[in-house]
Every structure is written in C-alpha cells, then in structure tokens.
Amino acid sequence: MAQPKDFGFGEDEKMVRDSARKFIGEHGSIEKLRKLVGGDPDPEKSPESLYDAPAWEQIVELGWTALAIPEEAGGVGMNMATVAALAEVVGGHAFPSPLIASLLTTLVVREASGENRNELLGEIAEGKRVALAVTGNEGAWDIDSATIEVAASGGSVVLSGFSRYVQDGGKAELFLVAGRSAAGLGLYAVPADAKGLKVTLDQIVDRTRDQATLELDGVELPASAVIAAPADGTQVLEKALPALLTVVAADMVGASEWQLQTTTEYAKTREQFNHPLGFFQAVKHPIVNMMLEIDKAKSLVYAAASAIDNKPENAERFARMAKAQASDTAAFCSDRSVQLHGGIGFTWECDVHFFFKRNKHNQFLFGDGAYQRSKLMKILAG
Amino acid sequence: MSQAAKKDTPEQAEYRAYCRKWIEENRPEEPDFRLPLQAIEVMDEGVKEYLQTWQKKAYDGGLIGVDYPTEYGGGGKSGMQTIANQELAAGDVPYFINVIGLGMCAPTIFHHASEELKRRFIPQILSGEMIWCQGFSEPGAGSDLASCNTSVVKKGDKWIVNGHKVWTSLAHYAGWMIALVRTSNHDKYKGLSFFVLPVQDTKGVTIRPLIKITGETGFNEVIFEDLEVPDSYRLDDVGKGWTVAMTTLTHERGAGTLVGPNTGMSARGATRTQRLLELAKKCRRNGKPAIDDPFIRDRIALVAVWEEGLAQNQRRAKVPGLTDDPMRIPLQGKVSFTELAQLAATVALEIEGQASSLYIADPMAPDSGTWPLTFLNSYGNTIAAGTSEVQRNILGERVLGMAKSK
Ligand SMILES: Cc1cc2nc3c(=O)[nH]c(=O)nc-3n(C[C@H](O)[C@H](O)[C@H](O)COP(=O)(O)OP(=O)(O)OC[C@H]3O[C@@H](n4cnc5c(N)ncnc54)[C@H](O)[C@@H]3O)c2cc1C
C-alpha cells in the first residue's frame, strides 16, 4: 500500500487535534496543573493518583476513548496520525489523565480478536479506565518480559506474580495483564477490585502521572477474561508495539516543544549583562538545537503513524526510530530547559520541572534511545 | 513510478519522459580518472574538459536552464528545471562544472543586470562554455560579509577596482566573477555595490590557488590592482549591492525563484545508512567484523535515525497541519544536511578504525579512501555558504525570535 504524503493527517484529523488543543489547553492549563499536582513538594509524601475526573468524563463524551477503536468493534476508527496528534497535545500540557493509558491499552487489545476483545473495546470506548500491565519483575523493556504465571483451573485461569511499572495504574478500573503459562504469553482482563489483586502506587518522580505495582496472588478469572489466548499474546503485543512506541514518542515531542517555547520565551524576556539571554549564543544555539532535534522526532512520529496504518512491514522500523529520536530529544530538551532558566529553573515553583520529569520518565518507558537503536539495527543489519 | 512523477501535468510528464530517455542515451562514459566529490574541487584540465563537454551536451539536450526565457538561451518552460533535476539525480550522471554560475551568478544576473548583460552572459553560463565564480568573501569579511572592503572608485566613465577576494571557488577556470564591492565608506550596507568583473588573463587581476585541508585545490585568492571596468558591468544602482547580494545568497541557499540545475554530488541512489552498513560488513574493528560491534551498531543506527528524520522533515514540511511555522523546516536545511553528512563521515571513520588512516591513493584503503576525503571535505560545507553557527543565529532570530547576536 502506498504511504499517504500527508501521513494521513488531513482535515478530519486536524479537527480532532485542534479540538484537543482547545479542550486540554483549557482543562490542562498550567495553572490547573500546578494546583492539581504541584501542591505538596515533600519527596516522601505518599504517592497519589491525581487527575481531573470531570474533565475525564468530558473526554469520554468527546469520543477520544473510542478514537483508536476500529469501527467493527464499536469505535470511531480514526487513524494512527490522530492518536499521535492527541498524545502530542497531552504531552504538550503534561496533562494528568487516564487517556494515555487508555490509548496504550486500546492499541494492544485491538490487535487481539474474538468476542472478549470486542466486549472489552466496547467498555473502553464507553470510558472504562484501563491500564497496561505487561512489564515483568525486573522492568525489562522487551515487550514479552511478563513474569506473572498463569495456571488453568477448570474453566477458569489463575494468575500469580508481579507486574511492575504499570502506567497510570492508580487510575485504572481494569488492567490488561500479560501472563505466562507453558503454552506462552496470554493477555487477561483483570478488574482492579479482583480478589487477590493488590495495587500499590510507586513513589515516582513524575507527578503528572502515577505508576503502580500489581501483586496477583491467585487471582481467579473466568474464560471471558481471556483477551489473547496463551501463545497468541506475544504476537499481539509485538504487533501493537510500534503504536505504543509512537504514542510515548508523540507525548515527548509535545512536552519537548513546550520546553522549547518556554525556554525561548525566557531567553527573550530575562535580561543579564544588559541583553536578553537569547542574545548570547551559549543560550541561543542550544535552544536552536532543541528545535532541530524536536523536528526530526516529530517527523518520525508521524512517519511511524503512517507506516502503522499503511505499511505495517515498516512500522517497527519507523517506530523504533521515532522512539529513539524522541527519547534523546526529551533528554536533551529537559536538560537545557532547566539549565537555561538558571536558579529559578531549579525550583519547585517554576513550571519547567513538570515537563522535565514527565520527559525523563518517558525517555525510558518501553526502552531508551540506545535500546531502540539496538533493536533498529536488528532490522537494518540482522 | 516515483512519488514526484505521480502528480505531473501532461506537459511535465512528457518532459520527464524526454529527460529520462535523453539521459539513457547520453550518459557519459565512466571516466578513467577519479572525479572529485564536488565540482568546486576540480583542478585538473582533463577533468574540467570532461565535465564541460558533459554540461554543454546536457544544455544542448534541453536539460539545463529550462526555466529561463528563450532570449537568454533558456528553454522558456517555467517550472520544468525541477523535473530535469529529479531525473538527473536519479540518472547516475556526473555533476555540472559551472556550479557557481548556474546556482548563483545566472539568477543574480537575471534579476539585476541590464538587458545587454543578460543576453550576453546567461547563455554562456547555462552551456558551461564560460565558467563563473563568486567574489564575496575577503580576508576581513567572512560571516560578516557586509564588511567587505574591495574598493571600486569612479574615474571618468570607468570604475577602478582594488582589493582582495578569498576562497573564490573555481576562479582558476573562471572568465567572470560576480563581485560584492565597496563604493562608499559612509554606510556599511549602503556603501556596497555589485559588479560583474572579468578575471581571466586580465591586467590588474591575479589569481592564486589556495590548497584545501584535503590537499586538493579548487578555491583561490583573487587580487585586484587597478582593474578598470566600464559602468555597464554594474548590476542595479550604486549603493544597492547588498540587495543584489541577497538575491545571490537566497539562491545559494536553494530558496530563490530560479531553480539551479542539479549540481550536487552525483547521486548514487544509496542512502548514507546503506553505505555505512555495507562498509561495516566489510571492515574489521579490533579484529572482529565491525558490523557486530555494539558501539558501531549504535552509531550507524544514529545516522539512520537522523537521515530518516530529515527525509521525513521534507515530507512534513508540505503538511500545513503539522507545521505551525512554515519557515521552520526549510531554514533548517543547510545546517541539518551538512551536519548529517559530517556525522556519517565521522561514523565511517569509526567503522574503518585503523584503516581510516588510508587515503585515496592507497590501494588497501576501504571504499578507495573516499571516507577520509569525505570527512575532511565535510567541513567545507559546514563553513561555506553561511557557517553552521551563522545558520543557528538565523534560526534563533528569524524562527524563534530571539535577540540578534552581534
Ligand atoms: C569550500 C569553501 C568554498 C567557498 N567558496 C566561496 C566562494 O566561491 N566565494 C566566496 O565568496 N566565498 C567562498 N567561501 C567562503 C565562505 O563563504 C566563508 O568561509 C564563510 O562565509 C565563513 O567566513 P570566514 O571563513 O571568514 O570565517 P569567520 O566568519 O571568520 O568565522 C570563523 C568562525 O567564527 C564563527 N563566527 C563568525 N561570526 C559568528 C557569529 N556572528 N556568531 C557565531 N559564530 C560566528 C564562524 O561560524 C566560524 O566558526 C568558501 C568557503 C569554503 C570553505
């Protein structure tokens, strides 16, 4: 199939993006972000899962939770460029919300098939808060690293073990859990209130999200909870992986652009030695470098999105590139955004820290730049 | 069918087919000598003649100057040069030697010279029969071009030229130069004027080659001592030199109204990443295949990501919904592409390891020693035509709106 020149980002897609810019611009304004998650700086305060619940209801009404769900499963079936654009806007406001977790989970579930999959997608479309629990004990990045063990028991399955680094797990009503049995990896829908499941919030640096550890102690699930049968799970996850990488990369592109614009603004207004900071090239040139890096990352994100929809055989290659570039971009832009703000940039009071922490978190999520490049080389050179 | 070919009008499609056929039938024989990487390194009479013959042939074939009006020796078919360029790039043919003339002098003359000069000079530039050079830089005026100081003083109805131009690419073969000169010391910018100057075997003009870091020549210093020229060699008004120079520089950056014929490196089709992968498969690093070395793998992947990122930038630049500022990507082109070329060459040397010490004349050199040459040469492109630092000033000021640096 030919790749669309515009990455599939036409008028309809732009309309969704622009409405997201408007909605999140309002509900995820920097003042609201400060109020929501910037309250108590105490590093040892117990972790919380904070988001604007009424705004979430509206997001569901706007249909964003149905966006990535194929029409045949009751969704809107928008393309990957739209999903990327939405994630870019979320990142651009460091917007705390169950939305990214919902999109990530959707992108995995939609690669499965059958009745249970359709049922779950329907619930997600209607606003059920979900999260992806596919990472094992050691936090390995390989997508099939789950360490939860699955045993069959009559018609039901029993899950035991740990799932770690579950993004926005504190907000979820249901988890998509990857578990291992002799036959291979399967995917299971586990309600947050399932008996034997313990959800513990991690104490994390980035407060624009939450992260959880799941402990499953003999959680018994009916057959209807099986989203991907053992042996199918790995394939489903691998198929979905380029989309997961693309979403996280898009989030970083958005947050990095915020860092670029905010740092540029500061360089125009703050004066030292009788000049605005941007007059000095030790300030100006790194800011330009932020822009050069962001633009490559952004182009690769949409190239990946376009490949996922139109040329799946290239999807992993482009998504690895996008995540590699975006991870390094996020690290670089974070670094310069704090440094070039000087003392104020080092404070809790300055908004820069929200984006710094979100980007540093996403840099490592599903693998950092070096990891993505090693995977990319497997594709390029074998 | 290529992406570009798909949206051709019938007229464009017809011309494209013509170009393709012409190139197939007229592609020059592989030379039995090494072609330099770029036209601005040509220093051998035989190479020069080979390239000049090729340019003349392509001009006669209608692949050069297509966009120019017929009265100036052009094809009179506006918007077609791009098509010829795409086919030339895909056609694995040598570059054209008159690169400065085609890319900068002809457009400047077209926009600012008298009718008489246009009729006289543009056809010779297009055909390559007369090689042209650009006399902008001076020992005291590089990045700060407007501080140039070659003096041109009125004497009767003549002008007398005295001064010193440097880094003048192709001056050793050039018959003529476009020159930014000073006619007044009262104002930095308004004191500048613009002339075409005869430079070959001319009394009052001395041309001396300067040797590049690669050991090649290709650029020169040009010294003017009481060169006398008529007023008819002036472009635009006295004091308008800076405006004219802006036309030249806009075309140099590839953003002008007239598309220059394809004068870059002869395109081999392979991406930089592919060439590095091939290189890494045949080179050994510390006794093992370079392609298995994790450090080398990371470096090649970095080039791959960067190269694809820039290619996708070009695609995104045409999608208004995904570019909030339309100038942002185009203005990045010069710095991004020249620095990518430099990175790729840097990585090639890392792949070759000890063998990167072997230069183009060494029989054992991997890829015939082109990588050390490419690496050395890459600095020419991050320096010439607005250094990377100057490009970053431009981006910081024009795109991001930061205060102008001194
Ligand atoms: C291969 C090659 C071919 C060339 N061909 C031609 C030609 O045909 N005709 C012609 O006229 N010229 C030509 N040039 C000259 C070229 O345009 C100049 O070299 C270039 O403009 C830089 O000027 P400079 O060499 O005087 O360096 P300088 O301007 O002295 O710069 C030295 C260093 O200081 C930095 N610098 C200078 N000003 C600033 C600033 N404001 N902010 C930050 N950093 C700054 C530069 O980036 C550079 O790193 C050629 C150069 C090369 C390398």
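Residues numbered from 1 in each chain as written. Chains lettered and ligands numbered in written order. Predicted model: local features only at pLDDT ≥ 70, side-chain atom pairs only at ≥ 80, totals over all residues. Heavy atoms only, no water.

## Examining the overall build of chain A
Thinking step 1. On a plain count of helices and strands, chain A comes out with eleven helices and ten strands.
Thinking step 2. Taking 382 residues into account, the globule formula puts the C-alpha radius of gyration at 21 Å, and chain A, at 21 Å, falls close to it.
Thinking step 3. Seen through its principal axes, chain A has C-alpha atoms that stretch 80 × 50 × 40 Å.
Thinking step 4. With 382 residues in all, chain A has 59% of them scored as buried.
Thinking step 5. Long-range pairs, those at least 24 residues apart, make up 77% of the contacts in chain A with a sequence separation of at least 6.
Thinking step 6. Averaging the coordinates of the 37 positive side-chain charges in chain A and doing the same for the 51 negative ones gives two points 6 Å apart. (Helix = DSSP H or I, 4+ residues; strand = E, 2+ residues; numbered from the N terminus. Rg over C-alpha atoms; globule rule 2.2 N^0.38 Å. Buried < 20%, exposed > 50% of the residue type's maximum accessible area, 1.4 Å probe, protein only. Contact = heavy atoms within 4.5 Å. Lys, Arg positive; Asp, Glu negative; His and termini not counted. Charge placed at Lys NZ, Arg CZ, Asp CG, Glu CD.)

## Focus on the side chain of Lys-48 of chain B
Residues and elements named next belong to chain B.
Thinking step 1. Tracing the sequence through the fold places Lys-48 in helix H3 (residues 45-60).
Thinking step 2. By relative accessible area, Lys-48 is classed as buried at 14%.
Thinking step 3. Other than its neighbours up to four places away in sequence, Lys-48 contacts Val-42, Ile-97, Ile-131 and Tyr-173.

## A closer look at unusual backbone geometry
Thinking step 1. Here Ala-94 of chain A, not a glycine, exhibits a phi torsion of approximately 45°, which is positive.
Thinking step 2. One can find Ala-94 of chain A in the loop between helix H4 (80-92) and helix H5 (99-109).
Thinking step 3. Unlike most non-glycine residues, Trp-167 of chain B shows phi in positive territory, near 60°.

## Thoughts on the site of the ligand
Thinking step 1. Residues in contact with the ligand amount to 18 residues; listed here are only the nearest, Gln-281 of chain A together with Ser-143, Trp-167, Thr-387 and Glu-389 of chain B.
Thinking step 2. Each of chains A and B places residues near the ligand.
Thinking step 3. Between the ligand and the protein, one listed contact pairs an oxygen atom with a backbone N or O atom of Ser-137 of chain B at 2.8 Å.
Thinking step 4. Bound to the protein, the ligand loses 69% of the 960 Å² it would expose on its own.
Thinking step 5. Taken together, the residues that form the shell around the ligand break down as six nonpolar, ten polar and two charged.
Thinking step 6. Here the shell around the ligand spans two domains, since at least three of its residues come from each of domain 2 (133-252) and domain 3 (272-399) of chain B. (Near = heavy atom within 4 Å. Polar contact = N/O pair within 3.5 Å; in protein donor to acceptor, adjacent residues only side chain to side chain. Areas by Shrake-Rupley, 256 points an atom, 1.4 Å probe, with all protein chains shown as cover. Nonpolar A, V, L, I, M, F, W, Y, C, P; charged D, E, K, R; others polar. Domains from an automatic or database assignment.)

## Notes on the environment of Pro-366 of chain B
All names here are of chain B.
Thinking step 1. Within the secondary structure, Pro-366 sits in the loop between helix H10 (333-352) and helix H11 (370-383).
Thinking step 2. Separated by ten residues in sequence, Pro-366 and Ser-356 have C-alpha atoms that sit 7.9 Å apart.
Thinking step 3. Sequence-distant contacts of Pro-366, defined by excluding residues within four places in its chain, comprise Leu-279, Cys-283, Glu-352, Ala-355 and Leu-358.

## A few points about the domain arrangement of chain B
Much of the literature gives interface size as the accessible area that the parts lose upon coming together.
Residue and element names in this part refer to chain B.
Thinking step 1. You can read the domains of chain B as domain 1 (3-129), domain 2 (133-252) and domain 3 (272-399).
Thinking step 2. Relative to domain 3, the C-alpha centre of domain 2 lies at a distance of 33 Å.
Thinking step 3. Taken residue by residue, the interface counts five residues in domain 2 and seven residues in domain 3.
Thinking step 4. Between domain 2 and domain 3 lies a buried interface of about 490 Å² when both sides are counted; carbon and sulfur atoms form 64% of it.
Thinking step 5. Summed over the shared surface of domain 2 and domain 3, the number is zero salt bridges.
Thinking step 6. At the junction of domain 2 and domain 3, the tally comes to one residue pair in polar contact (both at pLDDT 80 or more).
Thinking step 7. Class assignment of the residues belonging to the side of domain 2 that touches domain 3 gives a composition of one nonpolar, two polar and two charged. (Buried area = accessible area lost by both parts, 1.4 Å probe. Salt bridge = Lys/Arg side-chain N within 4 Å of Asp/Glu carboxyl O.)

## A short note on the packing of helix H11 (residues 369-381) of chain A against helix H9 (residues 294-316) of chain B
Thinking step 1. Close contact between H11 of chain A and H9 of chain B brings their axes to 9 Å; oriented N to C, the two are set at 85°. As far as their axial angle goes, H9 of chain B and H11 of chain A are roughly perpendicular. Counting all contacts with H11 of chain A, which are made through Ala-370, Arg-373, Leu-376, Met-377, Lys-378, Leu-380 and Ala-381 of chain A, the residues of H9 of chain B involved are Arg-297, Asp-298, Ile-300, Ala-301, Leu-302, Ala-304 and Val-305 of chain B.
Thinking step 2. The residue inventory of the contact of H11 of chain A with H9 of chain B, partitioned by class, reads ten nonpolar, no polar and four charged. (Axes fitted to C-alpha atoms, helices over the stretch in contact; angles between N-to-C directions. Parallel < 35°, antiparallel > 145°, perpendicular 65-115°, else oblique.)

## Notes on the nonpolar core
Across soluble globular proteins, nonpolar side chains show a tendency to be buried alongside one another.
Thinking step 1. Membership of the largest hydrophobic core comes to 132 residues, with the highest contact counts inside it found for Trp-64 of chain A together with Ile-351 of chain B.
Thinking step 2. Ranked by residue count, the leading element in this core is helix H8 (residues 281-310) of chain A, at 16 residues.
Thinking step 3. Excluding anything up to four places from it in sequence, Trp-64 of chain A contacts Val-16, Ser-19, Ala-20, Phe-23, Ile-24, Ile-59, Leu-86, Leu-99 and Leu-103 of chain A.
Thinking step 4. In terms of nonpolar packing, the next biggest core, distinct from the first, is built from 77 residues, Tyr-95, Leu-102, Trp-159 and Ala-171 of chain B among them. (Core = buried A, V, L, I, M, F, W, Y, C linked by side-chain atoms within 4.5 Å.)

## A few points about the interface of chain A and chain B
Thinking step 1. Between chain A and chain B, the residue contacts involve 47 residues of the former and 42 residues of the latter.
Thinking step 2. Summing both sides of the interface, chain A and chain B together bury roughly 3,900 Å²; the carbon and sulfur share of this comes to 62%.
Thinking step 3. Arg-21 of chain A is the salt-bridge partner of Asp-324 of chain B, the closest N and O atoms lying 3.1 Å from each other.
Thinking step 4. Of all the secondary structure elements, the ones that give two or more residues to the side of chain A that touches chain B are helix H1 (11-27), helix H7 (233-269), H8, helix H9 (315-339) and H11 of chain A.
Thinking step 5. Per-element tally for the side of chain A that touches chain B: the top contributor is H8 of chain A, with 17 residues.
Thinking step 6. Considered class by class, the residues forming the side of chain A that touches chain B number 23 nonpolar, eleven polar and 13 charged.

## A closer look at the pairing of strand S4 (residues 174-181) of chain A
Residues and elements named next belong to chain A.
Thinking step 1. Most of S4 is tucked away: six of the eight residues are buried.
Thinking step 2. Bridging between strand S2 (residues 148-153) and S4 involves two bridges; their strand directions are parallel. Bridging from a neighbouring strand, Ile-148 pairs with Gly-179 of S4.
Thinking step 3. Connecting S4 to the next strand, strand S5 (residues 184-191), in antiparallel fashion are two residues. (Pairing = 2+ DSSP bridges.)

## What to know about the pattern of salt bridges
Residue and element names in this part refer to chain B.
Thinking step 1. In total, this model carries 45 salt bridges over all chains according to the counting rule given.
Thinking step 2. With its nearest N and O atoms 3.4 Å apart, the salt bridge here joins Glu-25 to Lys-21. Of this pair, Glu-25 and Lys-21 both sit in helix H2 (residues 10-26), separated by four residues, roughly a single helical turn. Just as Glu-25 is exposed, Lys-21 falls in that class too.
Thinking step 3. With a closest N to O distance of 2.5 Å, Lys-282 and Asp-367 form a salt bridge. A residue pair is termed long-range when its members are at least 10 positions apart, and Lys-282 in helix H8 (residues 272-282) and Asp-367 in the loop between H10 and H11 qualify at 85 residues.

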